[in-house]
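What follows is each chain in one-letter form.
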Amino acid sequence: MDRAPRISFTSLGCPKALVDSERIITRLRAEGYELARKHDGADIVIVNTCGFLDSAKQESLSAIGEAMAENGKVIVTGCMGAEPEQIEQAYPGVLSITGPQQYESVLDAVHRALPPAHNPHLDLVPPQGIKLTPRHYAYLKISEGCNNRCSFCIIPKLRGDLVSRPANDVLREAERLISAGVKELLVISQDTSAYGVDLKYAESPWKDRQVRAKFLDLARELGELGAWVRLQYVYPYPHVDEVIGLMADGKVLPYLDIPFQHASPDVLKAMKRPAAQDKTLERIKRWREACPDLALRSTFIVGFPGETDSDFAYLLDWLDEAEIDRVGCFKYEPVAGATSNALPGAVPDEVKQERYNALMARQQKISARRLKRKVGTRQQIIIDEVGPTVARGRSKADAPEIDGAVYLSSRRPLRVGEIVTAKIERTDAYDLHGGVAGF
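All values reported here derive from a predicted model rather than from experimental measurement.

Some points on the sheet that holds strand β2 (residues 34-35)
Right, so step 1: In spatial order, the strands read β2-β1-β3-β4-β5; together these five strands make up an open sheet with parallel pairing. A strand with exactly one partner marks an edge of an open sheet, and here the two such strands are β2 and β5 (96-97).
Right, so step 2: For strand β3 (residues 44-49) and strand β4 (residues 74-78), the ladder comprises five bridges, and the chain directions are parallel. Residue V47 lies in a different strand from β4, and its bridge partner there is V76.
Right, so step 3: Packed onto the sheet, helix α2 (residues 54-70) meets β1 (6-11), β3 and β4 and runs at close to 180° relative to β3.

Encoded structure:
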């Protein structure tokens, strides 16, 4: 194309929808797209719909029909897009349908139908966007918000209920990141294993097939892209069991970050934690039988209102049996707006500190015990930092910033982002030490 690509835009509905339109147009203009005054003079049309009343829906359908008649290449977004069946029935030829505030989905739909011309000498933003992580790993957020109502948490008040991205949306971003040199994708959201519930696990087109917006399906597709895939912030819903097979097959990393928060049934009930956790130890045992290399990370809260000495003793015994590989611990603090603030049985600060110290001491022994089993084994290590004599990296069992490290010697200089095979020679409480045994 010997000119800038042109977009025609129709914005319907309330001021909130208008702001959404402004944001989309701002992003498109920043990427070099021009606005066309008429549909028939544009390369593509975007219709931001309203779905508040039946009359508004009819107006939206009319606007889509007009755009289809005058142009034929139409992307639909906005409130009516949250329930796309009526649009799909009336106009099956539209290129894409997304709900309100799904700016990235709209932009991706435009990019697919009308790619921007990227000039590495002039453009300030690379195709994969601006990242604050090192080049070799990146966080991949698959949803916003949370449907849970844990008594100590106000995230749903701040970020709203769960809003998942379509599966093809996530996969396109993952592919762009890998093309830009990312070796490890860290899959995150507020509630990763609830992914797609709000979309009713709707399918979306990806390459030559349809992919459901479901935890297992997305993990499977990400595992085919050739990078390490690490699953974080996974609530232990029953269907999490299904992804263990992908780990055993080497499709995704044998690593689960599950915020158990406690083990005592009474404390979990007071916390209003989701998912049935009464059989968690049995499930962990089955997971490790199916995938012996599985590493588990979790976080726990001590000193929650009403936590008794017996509740805390139960937690320590549970940790001994579960043998969680990596543990973070927090002393309970009231958060403005959290319903747990009204619970009786506040735990004194000095007791919180004692329990924190006891839990971390217990966990240090568990961690050291599990790490010692790796001495003499060969592990794949991704290099994060290179020093004069020793490089620092991470095994498949270690997420960046929060888990342990692997310190390696090597006969040849290593590069950041390189994945090597190392023989583990010794260990301390949280880290491994060894030498490079293969490249």
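Focus: the layout of surface pockets
It is the rolling of a water-molecule-sized probe over the atoms that shows where space remains empty.
Right, so step 1: In this structure, the second largest pocket encloses a volume near 800 Å³.
Right, so step 2: Around the second largest pocket, the lining comprises 30 residues; the ones closest to its centre are F152, C153, Q190, Q261 and T299.
Right, so step 3: Among the elements of the structure, β7 (143-144), α5 (155-159), β14 (295-302) and β15 (326-331) are those that each provide at least two residues to the lining of the second largest pocket.
Right, so step 4: When residues in the lining of the second largest pocket are grouped by element, the largest group, three residues, is from β14.
Right, so step 5: Broken down by class, the residue content of the lining of the second largest pocket amounts to 15 nonpolar, seven polar and eight charged.

So, the sheet that holds strand β18 (residues 406-409)
Right, so step 1: The five strands are arranged β16-β17-β18-β20-β19 in a closed barrel whose pairing can be described as mixed. The sheet shows a mean angle of 50° between the axes of neighbouring strands, direction not considered.

Here's the deal with the packing of aromatic side chains
Right, so step 1: Following the criterion strictly, the structure yields seven aromatic pairs and no others.
Right, so step 2: With 5.2 Å between their ring centres and 70° between their planes, F304 and Y332 make a pair best called edge-to-face. Taken together, the residues span a long stretch of sequence, with F304 in the loop between β14 and α11 (309-322) and Y332 in the loop between β15 and α12 (349-372) at a distance of 28 residues.
Right, so step 3: Exposure remark for F304: the relative accessible area of 0% places this residue in the buried category.
Right, so step 4: Taken together through their ring pairs, the aromatic side chains of F152, F304 and Y332 make up a single cluster.
Right, so step 5: Here the guanidinium or amino end of K331 rests over the ring plane of Y356, the centre of that ring lying 5.4 Å away.

Basis of the calculations
- Residues numbered from 1 in each chain as written.
- Predicted model: local features only at pLDDT ≥ 70, side-chain atom pairs only at ≥ 80, totals over all residues.
- Heavy atoms only, no water.
- Pairing = 2+ DSSP bridges.
- Helix = DSSP H or I, 4+ residues; strand = E, 2+ residues; numbered from the N terminus.
- Contact = heavy atoms within 4.5 Å.
- Axes fitted to C-alpha atoms, helices over the stretch in contact; angles between N-to-C directions.
- 1 Å grid on protein atoms, 1.4 Å probe; cavity = no way out; pocket = protein on both sides within 12 Å on 5 of 7 lines; lining within 4 Å.
- Points joined across faces, edges and corners; volume = space filled by probe spheres on them.
- Nonpolar A, V, L, I, M, F, W, Y, C, P; charged D, E, K, R; others polar.
- Phe/Tyr/Trp six-rings, centres within 6.5 Å; stacked < 30°, edge-to-face > 60°.
- Buried < 20%, exposed > 50% of the residue type's maximum accessible area, 1.4 Å probe, protein only.
- Lys NZ or Arg CZ within 6 Å of the ring centre and 35° of its normal.

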